[in-house]
Amino acid sequence: ASGKERRMVSPVTVVKSEGPKLVPFFKATCVYFVLWLPTSSPSWFSALIKCLPIFCLWMFLLAHGINFLGTQPSARKILAGLIFSALGDAFLIWQEQGYFIHGLLMFAITHVLYSSAFGMKPMKPVPGCVVMVICGASYLMLYPYLSGPFTYLVAVYITLIGFMAWRAIAGMQLFNDLWTWTKLCACLGAVLFMVSDLTIAVNKFCFPVPYSRAIIMATYYAAQMLIALSAVECKDDNDRTIQKMN
């Protein structure tokens with residue numbers, strides 16, 4: 001497709017096309033914030049409520065059709081990432097009972113899957129360097145507060161989420177029209193994921209962050225929704241190709 005054909009489509013078109021499929025996600029997110037179950041009393045019910053918006057994002061991707069998922073590896077990887085994210089959410093419900101590292105591992109796998117979905121082209125080393133500096137500064141801020149296995153586990157995790165963010169940001173080719181609304185979604189989603197996880201780290205290891213839970217969950221759910229939206233790019237490209245052929 002030419003540059004003009006690949007430009008970002010109208011937001012109105014996006015809302016009409018994808019909005020109805022995301023209604024369950026928005027409802028589930030509202031349920032989480034309305035119930036606001038106390039974290040001091042972990043239960044399977046609270047785990048279900050926390051994971052429900054992510055389950056809805058599974059359904060969002062599945063609603064595009066099994067054939068779509070079967071022919072688009074990146075969409076399958078994002079779906080797999082959402083599955084590991086739900087496991088991570090469940091583990092973090094019981095983080096005070098010793099399951100924080102389990103949750104960390106699940107989200108580390110998620111970031112590997114997302115990175116693979118976003119791909120390695122174009123390489124774009126400059127955004128990678130910027131992300132690396134941000135990640136390095138974040139780790140230096142956290143390091144004095146880390147001890148035991150968290151000293152290296154947090155370093156590995158920051159590296160993985162930073163790599164994921166680099167690959168998402170690299171997809172944004174702002175100056176040659178080769179960008180779509182889905183690439184923008186991936187970029188914004190990755191940045192919000194970093195904000196959410198940095199807030200978790202500072203709140204857990206350094207000092208209490210005011211309204212930390214609201215900040216963490218709002219940015220987290222928004223990030224996952226945007227990354228899930230980025231998975232439908234291939235479908236839109238295929239649809240345009242079919243229309244052009246017809």
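About the thresholds
- In every chain, residue numbers begin from 1 and rise along the written sequence.
- Given that this is a predicted model, residues contribute local features only at a pLDDT of at least 70 and side-chain atom pairs are listed and counted only at 80 or more, while totals for whole chains, interfaces and linings are drawn from all residues.
- Note that water and hydrogens are dropped before the side-chain values are worked out from all heavy atoms of the structure.
- The quantity called pLDDT is the predictor's confidence in a given residue, expressed from 0 to 100.
- Any pair of residues with heavy atoms lying within 4.5 Å of one another is described as a contacting pair.
- Helix numbers and strand numbers start at the N terminus; a helix is a DSSP run of H or I with at least 4 residues, a strand a run of E with at least 2.
- Note on definitions: the grid is 1 Å and covers protein atoms alone; a cavity is a set of points where a 1.4 Å probe fits but cannot get out; a pocket is an open set with protein on both sides within 12 Å along at least five of seven lines; lining residues have an atom within 4 Å of a point.
- Grid points are joined across faces, edges and corners, and a volume is the space filled by probe spheres set on the points.
- Under the scheme applied, nonpolar residues are Ala, Val, Leu, Ile, Met, Phe, Trp, Tyr, Cys and Pro; charged residues are Asp, Glu, Lys and Arg; polar residues are all the others, including Gly.
- Pairs of N or O atoms within 3.5 Å make up the polar contacts considered here, provided that, within protein, one atom can donate a hydrogen while the other can accept it, and that residues adjacent in sequence are counted only when both atoms are side-chain atoms.
- A fitted line through C-alpha atoms represents every axis, and for helices the fit uses only the stretch in contact; the resulting angles, taken between N-to-C directions, go from 0 to 180 degrees.
- Relative orientations are named as follows: roughly parallel for angles under 35 degrees, roughly antiparallel for angles over 145 degrees, roughly perpendicular for angles from 65 to 115 degrees, and oblique for any other angle.
- By definition, any crossing whose near helix is turned counterclockwise from its far helix by less than a right angle is left-handed, and any crossing with a clockwise turn is right-handed.

Trainee: How should the confidence of the model for the protein chain be read in this particular structure?
Mentor: When pLDDT is low, close inspection of the predicted coordinates is not appropriate. Looking at the protein chain, pLDDT values average 89 and 87% of them are 70 or higher. Contacts for the low-pLDDT stretch residues 1-6, under 50 throughout, to residues beyond four places or in other chains number twelve contacts. Every residue in residues 234-246 scores below 50 in pLDDT, and together they form 13 contacts with partners more than four places removed in sequence or on other chains.

Trainee: Mind showing me how you'd approach the environment of Arg76 here?
Mentor: Relative to the assigned elements, Arg76 resides in helix 4 (residues 73-93). Considered as a pair, Arg76 and Leu113 are 37 residues apart in the sequence and their alpha carbons are 9.3 Å apart. Apart from residues lying up to four places away in sequence, Arg76 is in contact with Leu69, Gly70 and Thr71.

Trainee: Any chance you could explain the layout of surface pockets here in plain terms?
Mentor: Once rolled over the atoms, a probe with the size of a water molecule shows which space is left empty. The calculated volume of the largest pocket comes to roughly 1100 Å³. The set of elements that each furnish at least two residues to the lining of the largest pocket consists of helix 2 (44-62), helix 4, helix 5 (100-118), helix 6 (125-142), helix 7 (150-170), helix 8 (181-206) and helix 9 (212-230). Considering each element in turn, the lining of the largest pocket owes the most residues, twelve residues, to helix 8. The class makeup of the residues in the lining of the largest pocket is 32 nonpolar, eleven polar and six charged.

Trainee: Is there a simple way to explain the side chain of Ser115 in this structure?
Mentor: In this fold, Ser115 is placed in helix 5. A distance of 3.4 Å separates the side chain of Ser115 from the backbone nitrogen of Met164, its partner in a polar contact. Leaving out residues up to four positions away in the same chain, Ser115 has contacts with Leu160, Phe163, Met164 and Arg167.

Trainee: What's the story with the packing of helix 8 against helix 9 in this structure? I'm lost.
Mentor: Relative orientation and spacing of two packed helices are given, respectively, by the angle between their axes and the distance between those axes. At a closest axis distance of 7 Å, the pairing of helix 8 and helix 9 adopts a crossing angle of 155°. Considering the angle they form, helix 8 stands roughly antiparallel to helix 9. Crossing hand, helix 8 versus helix 9: left-handed. Per-class residue counts for the contact of helix 8 with helix 9 are 17 nonpolar, nine polar and no charged.

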